[in-house]
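One letter stands for each residue in the lines below.
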Amino acid sequence: MSIEALFKPRSVAVVGASGKPGKIGYAIMKNLIEYGYEGKIYAVNVRGGEIEVSGRKFEVYKTILDVPDEVDMAVIVVPAKFVPQVVEECGKKGVKVLPIISSGFGELGEEGKKVEEQLVETAHKYGMRILGPNIFGVVYTPAKLNATFGPTDVLPGKLALVSQSGALGIALMGWTILEKVGLSALVSIGNKSDLDDADMLDYFENDENTGAILIYMEGVKGGRKFMETAKRVSMKKPIIIIKAGRSERGAKAAASHTGSLAGADSIYTAAFKQSGILRALTIGEAFDWARTLSNLPEPEGENVVILTNGGGIGVMATDAAEEEGLKLYDNLEDLKVFANHMPPFGSYKNPVDLTGMADAKAYEGAVRDALANPNMHAIAVLYCQTAVLDPRDLAKIVIEEYEASGKKKPLVVAIVGGIEAKEAIDMLNEKGIPAYPEPERAIKSLSALYKWHNWKMKHKKE
Ligand code: COA
């Protein structure tokens, strides 16, 4: 059973749609409309009548069976006790996929799990798939689909984000906007009664709009299937996982949160490693890596070049590179080209110090030369904000040079400074060039790209 309808539905019905601001059934309608979904939207509510949302009037159908058209996706927002009947009706209607927002199922215990199983049985009888229950919905930016009750705006991009936790997932929606992390998709998978992490990996593996996948996970259902899928998908696209419940007490909290059995943490660590999955320990780390992994091409070799205007950040980046096992390029014949872009007291040894005098011309020349040299495989551009060059101008230079080069090799940026530095970082991230406020974060993200790439190369040979 394909889950295409979860991301590219031709029509969406909201069962429990409401005209009352403040209700979840209202927020979902509002997000569908305001994010620009172009397919048909139908409102279903036992009350019938008419509702108005975001200036659009909707006739309200009393049941989904009354909708005078085909429905690909039905988002269910009615209290748990009404869900079984609604699922049955959706089946009769020929709906393809059901995101069930409602809580009050498996997370409550055995009784709730049984109800979930019955829902899945009914759904499968009709060839439908269930997402959830206990979720905040689904976003797919290429289809302008925002069927969630989270923020309306989601920055389009190449990262698919899958979250088992609802509240955290919603919070991350807001966070990705603030931090300029572009998303292809955002899926809340909640209790995973039917569709689970492996199904998401299956879909994103061949989704042309997705470059990397980031999963927040508390427990895996069907561990073997998941690891096998992850191993296959990792050969094509990088997977980053934040697996919470590492400590014994954390694992217990996970069990009562979404009913997950967290399992021994060391088993996860080993299994992730084997499957090429990058395990992040914090949200910040996960998104740092995700920026690089979802946007950049793989390196064609191991030689990394660091360009900087500040000795200090150059040294810090070098420490991080050494610790991460990255190889800084040492061929002085090749590196000598950078002498053209620095005063005599600069250093063209890697890390290349363009000095505090580095202006727009110096960075432009150095970045261009580094991009052009086939022996330089990955580049880290570092900048300490000085009065010589506005960081936003630096951002423009990097964007222009990188785009002109055809984006064939990985390039990360770190800009340390004040408000203008933050603006420059945002400009770069909006263009899909990973930029960070600290040199170590840029280097560690580049290292994550190398780790995945090296795993892939090694695995290809086996
Ligand atoms: N078919 C269609 N509509 C139905 C229905 C049915 N069988 N049964 C009830 N409805 C309608 C109601 O008329 C109501 O409409 P109204 O908003 O115009 O009054 C609407 O569905 C919602 O029902 P209501 O009883 O008002 O519930 P609610 O809006 O307070 O809560 C849920 C519904 C689903 C949001 C709530 O039960 C729930 O599960 N909340 C938790 C959601 C959550 O946190 N999910 C996880 C996030 S990570």
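Calculation notes
Residues numbered from 1 in each chain as written. Predicted model: local features only at pLDDT ≥ 70, side-chain atom pairs only at ≥ 80, totals over all residues. Heavy atoms only, no water. Helix = DSSP H or I, 4+ residues; strand = E, 2+ residues; numbered from the N terminus. Rg over C-alpha atoms; globule rule 2.2 N^0.38 Å. Buried < 20%, exposed > 50% of the residue type's maximum accessible area, 1.4 Å probe, protein only. Contact = heavy atoms within 4.5 Å. Areas by Shrake-Rupley, 256 points an atom, 1.4 Å probe, with all protein chains shown as cover. Lys, Arg positive; Asp, Glu negative; His and termini not counted. Charge placed at Lys NZ, Arg CZ, Asp CG, Glu CD. Near = heavy atom within 4 Å. Polar contact = N/O pair within 3.5 Å; in protein donor to acceptor, adjacent residues only side chain to side chain. Nonpolar A, V, L, I, M, F, W, Y, C, P; charged D, E, K, R; others polar. Core = buried A, V, L, I, M, F, W, Y, C linked by side-chain atoms within 4.5 Å. Phe/Tyr/Trp six-rings, centres within 6.5 Å; stacked < 30°, edge-to-face > 60°. Lys NZ or Arg CZ within 6 Å of the ring centre and 35° of its normal. Pairing = 2+ DSSP bridges. Right-handed = clockwise from strand over helix to strand, strands pointing away.

(A) Representation of the overall build of the protein chain. Looking only at helices and strands, the protein chain has 16 helices and 20 strands in total. The C-alpha atoms of the protein chain give 25 Å as radius of gyration, which agrees with the globular expectation for 462 residues (23 Å, within 12%). Expressed as lengths along the three principal axes of its C-alpha atoms, the size of the protein chain is roughly 80 × 50 × 35 Å. Here the protein chain holds 462 residues, and the buried ones make up 56% of them. A separation of at least 24 residues holds for 74% of the contacts in the protein chain among residues at least 6 apart in sequence. Split by element, the accessible area of the protein chain, about 19100 Å² in all, is 53% carbon and sulfur. Across the protein chain, 55 positive and 60 negative side-chain charges occur, with their mean positions spaced 4 Å apart.

(B) Examining the site of the ligand more closely. As a matter of local geometry, the ligand sits amid 22 residues, with Lys 20, Lys 23, Asn 45, Arg 47 and Ser 103 nearest to it. Side-chain polar atom of Lys 23 to an oxygen atom of the ligand: 2.4 Å apart, as the coordinates give it. Ile 101 places a main-chain nitrogen or oxygen 3.0 Å from a nitrogen atom of the ligand. Contact with the protein chains covers 75% of the free accessible surface of the ligand, which is 960 Å². Residue composition of the shell around the ligand, by class: 12 nonpolar, 7 polar and 3 charged.

(C) Representation of the nonpolar core. Membership of the largest hydrophobic core comes to 79 residues, with the highest contact counts inside it found for Phe 338 and Leu 411. In terms of residue count, the dominant contributor to this core is helix 16 (residues 439-461) (7 residues). Formed by 55 residues, the second largest nonpolar core is a distinct cluster that contains Ile 28, Val 53, Phe 204 and Ile 239.

(D) Local environment of the environment of Leu 6. Mapped onto the elements, Leu 6 comes out in helix 1 (residues 4-7). Using a relative accessible area of 0% as the deciding quantity, one classes Leu 6 as buried. Leave out the neighbours within four places in its chain, and Leu 6 touches Met 73, Val 97, Pro 99, Leu 131, Val 138, Leu 145, Leu 195 and Met 200.

(E) Structural detail: the packing of aromatic side chains. A complete count under the given rule lists 8 aromatic pairs for this structure. Here a set of aromatic residues connected by ring pairs shows up, and it is made of Phe 7, Tyr 140, Tyr 203 and Phe 204. The ring of Tyr 268 is capped by Lys 243, whose NZ or CZ atom sits 4.5 Å from the centre of that ring.

(F) Inspection of the environment of Ala 74 at higher detail. Counting through the fold element by element, Ala 74 comes out in strand 5 (residues 73-76). Placed 23 residues apart in sequence, Ala 74 and Val 97 show a C-alpha to C-alpha distance of 6.6 Å. Apart from the residues within four sequence positions on either side, Ala 74 is in contact with Ala 13, Val 15, Ile 64, Cys 90, Val 95, Val 97, Leu 98 and Pro 99.

(G) Spatial organisation of the pairing of strand 11 (residues 183-188). Taken across its 6 residues, strand 11 has 6 buried, putting it largely inside the fold. Bridge count for strand 8 (residues 137-140) against strand 11 is 3 bridges, and the pairing is antiparallel. Among the inter-strand pairings, Val 139 is bridged to a residue of strand 11, identified as Leu 186. As paired strands, strand 10 (residues 156-163) and strand 11 are joined by 6 bridges and run parallel to one another. By the bridge assignment, Ala 160 is partnered in strand 11 with Ala 185. Of the crossover connections in this fold, the one passing from strand 10 over helix 5 (residues 166-178) to the parallel strand 11 is right-handed.

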